[in-house]
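Here are the chains, one letter per residue:
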Amino acid sequence: MTGISDSFQRPINYLRISVTDRCNLRCVYCMPEEGVTLMSHHDILSYEEIYTVAKVAAGLGINKIRLTGGEPLVRLGLADLVGMLAGIDAIDDISLTTNGILLAQHAAGLKKAGLRRVNISLDTLKPERFGQITRCGKLEDTLQGIAAARAAGLDPVKINMVVMAGVNDDELTDFARKTINDGWHVRFIEHMPVNGDEPAFTRLFSVSEMRKRIETLGKLEPWKVDVGNGPAKYFRLPGARGTVGFITPVTEHFCYQCNRLRLTADGKLRPCLLSEEEIDLREPLRSGASPDELKRLIEKAIASKPESHHLADGKKQKGRPFSQVGG
Ligand code: SAM
């Protein structure tokens, strides 16, 4: 790996690719009920275009890729893209973030194509509440997706729960118990006030409050994980096979260790999820830019990564919804 760092000496080796802005859920904190204005099919990068970007990025030192969305599994033939990316020598880790609704039918094929691991978003274990938070989903589908991912040998399977005060914080210990009884790896995430019109109920429920609740089950022992050394801090409860992770985007930002770039579904490189700066790759890709020209644009995006975001200052982020930029 050649290796590249940004202006703050952070090594950049991770590319998150949003493959679609479409989603089969309408989670209350992510999208308005009526959905968002969708990009046209022509606006969205083809798999060949995504592959071209990934290949050039790999030449710069990117070795990890995560596919996200929107909901990545609503895009047809995702396993084909995984197979193409797995064929790039320098890429040694391909992962997926999904709501799990369609995972039961795709897990085995994705694994076969080269997917290594998966993060599944799940904010409640109560069927009725699942319907309320997602506005249209069925809990059973996601649970089947989790089971299929584990059966297919995707490893690790991590469950991401966005904790919202007064909405699902009463389920913290239920999720934590799953790490003991079912070997789940659960990551508890602070809700970020980013998507514009999120309801007033989203008072921050901080990780320190989460810890207190979970420690009613036993003392959390720090735990080192081997795969996916992202922003989470990991622990284990006594006797648990699974891990408890905490992600604190609001109360303790982890920008100092940010190693990522994001590619939006319509081909913009975003140096930071929470900044509106974007560098367009689609137009250059479609007008025949050479690999060297694309490389320079990627270098420019890396050089322009901001030092940190400003969520903790109470500044609301505006601009494109998460579903478009790949949360
Ligand atoms: N559809 C896929 C899924 O559900 O995982 C991928 C896209 S979704 C935007 C990616 C992740 O962003 C999900 O885990 C979701 O819970 C999280 N997310 C969206 N809005 C958020 C917010 N305001 N605060 C914290 N996490 C958020």
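Trainee: Explanation requested: the overall build of the protein chain in the structure shown.
Mentor: When its secondary structure is counted, the protein chain shows 10 helices and 12 strands. A globule of 327 residues ought to have a C-alpha radius of gyration of about 20 Å, and the protein chain, at 19 Å, matches this closely. Dimensions of the protein chain, computed from the C-alpha atoms along their principal axes, are close to 55 × 45 × 40 Å. Looking at the protein chain as a whole, 55% of its 327 residues qualify as buried. Look at the contacts in the protein chain between residues 6 or more apart in sequence, and 73% of them connect residues 24 or more apart. Per element, the accessible surface of the protein chain, about 14,100 Å² overall, is 52% carbon and sulfur. Across the protein chain, the centroid of the 44 positively charged side chains sits 3 Å from that of the 41 negatively charged ones.

Trainee: Teacher, can you tell me more about the side chain of Thr 264 here?
Mentor: Residue position: Thr 264 is located in the loop between strand 10 (260–263) and strand 11 (268–270). Taking relative accessible area as the criterion, Thr 264 reaches 1% and is therefore assigned buried. A distance of 2.5 Å separates the side chain of Thr 264 from the side chain of Asp 266, its partner in a polar contact.

Trainee: I keep staring at the environment of Lys 305 and nothing clicks. Help me out?
Mentor: With respect to the element layout, Lys 305 can be found in the loop between helix 9 (291–303) and helix 10 (322–325). Remark: the alpha-carbon pair of Lys 305 and Ser 275, spanning 30 residues in sequence, is separated by 9.1 Å. Excluding residues that lie within four positions of it along the chain, Lys 305 makes contacts with Asp 6, Phe 8, Arg 10, Ile 12, Cys 258, Arg 260 and Pro 271. Only 2.8 Å separates the side chain of Lys 305 from the backbone oxygen of Arg 260, close enough to count as a polar contact.

Trainee: Whenever I open this one, the site of the ligand confuses me. Can you help?
Mentor: Around the ligand, 18 residues are found, and the nearest of them are Tyr 29, Gly 70, Glu 71, Ser 121 and Met 192. Take Glu 71: an N or O atom from its side chain is 3.0 Å from a nitrogen atom of the ligand. Between the ligand and Met 192 there is a distance of 2.8 Å, counted from a nitrogen atom to a backbone nitrogen or oxygen. Coverage of the ligand by the protein amounts to 92% of the 550 Å² it exposes when considered alone. Here the shell around the ligand is built from residues that sort into 6 nonpolar, 10 polar and 2 charged.

Conventions and cut-offs
- Residues numbered from 1 in each chain as written.
- Predicted model: local features only at pLDDT ≥ 70, side-chain atom pairs only at ≥ 80, totals over all residues.
- Heavy atoms only, no water.
- Helix = DSSP H or I, 4+ residues; strand = E, 2+ residues; numbered from the N terminus.
- Rg over C-alpha atoms; globule rule 2.2 N^0.38 Å.
- Buried < 20%, exposed > 50% of the residue type's maximum accessible area, 1.4 Å probe, protein only.
- Contact = heavy atoms within 4.5 Å.
- Areas by Shrake-Rupley, 256 points an atom, 1.4 Å probe, with all protein chains shown as cover.
- Lys, Arg positive; Asp, Glu negative; His and termini not counted.
- Charge placed at Lys NZ, Arg CZ, Asp CG, Glu CD.
- Polar contact = N/O pair within 3.5 Å; in protein donor to acceptor, adjacent residues only side chain to side chain.
- Near = heavy atom within 4 Å.
- Nonpolar A, V, L, I, M, F, W, Y, C, P; charged D, E, K, R; others polar.

Spatial relationships are all this shows, so hold off on functional conclusions.
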